[in-house]
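Each chain, letter by letter, is given below.
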Amino acid sequence: MTTNEKEINNYLFDQLDLVEEALKLAQEENATKTIEYLETRKKKIERKLYQQPPLVSGN
């Protein structure tokens, strides 16, 4: 089963939502190592989400 770009983007947005929620909690608890890890994960997800050219070509 092929995955189109919209499905991939939805998956990445779901991941981003989870990371942002966890990051908010980590900041409230002042968990510095966890904050650092989550910020790294967030950057990686955003890099995939907003990359040019897109993940899937429009063939």
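None of the values given here were measured: they were computed from a predicted structure.

Our focus in this paragraph is the pattern of salt bridges. With the rule as written, the count across this model stands at one salt bridge. We note a salt bridge from Lys42 to Glu20, for which the minimum N-O separation is 3.6 Å. Taken as a pair, Lys42 in helix H2 (residues 32-49) and Glu20 in helix H1 (residues 5-28) lie far apart in primary sequence, 22 residues in all. Exposure remark for Lys42: the relative accessible area of 24% places this residue in the partly exposed category.

A separate point is H2. With 18 residues, H2 extends 25 Å from end C-alpha to end C-alpha; this agrees with the ideal 26 Å at 1.5 Å per step. Among the residues of H2, Ile35, Leu38, Ile45 and Leu49 are the ones counted as buried. Projected onto a plane normal to the axis of H2, the buried residues spread over an arc of 90° and lie on a single side. Facing away from the buried side of H2 by more than 90 degrees, the exposed set consists of Thr32, Lys33, Glu36, Tyr37, Lys43 and Arg47. Check the buried side of H2 and you find it contacts H1.

This part covers H1. Two residues of an α-helix separated by three or four positions point the same way, owing to the 3.6 residues in each turn. With 24 residues, H1 should cover 34 Å at 1.5 Å per step; its first-to-last C-alpha distance of 35 Å lies within 8% of that length. All buried positions along H1 are accounted for by Ile8, Leu12, Leu16, Val19, Leu23 and Ala26. On its buried face, H1 is in contact with H2.

Calculation criteria
Residues numbered from 1 in each chain as written. Predicted model: local features only at pLDDT ≥ 70, side-chain atom pairs only at ≥ 80, totals over all residues. Heavy atoms only, no water. Salt bridge = Lys/Arg side-chain N within 4 Å of Asp/Glu carboxyl O. Helix = DSSP H or I, 4+ residues; strand = E, 2+ residues; numbered from the N terminus. Buried < 20%, exposed > 50% of the residue type's maximum accessible area, 1.4 Å probe, protein only. Expected span 1.5 Å × (residues − 1). Arc of directions from axis to C-beta. Contact = heavy atoms within 4.5 Å.

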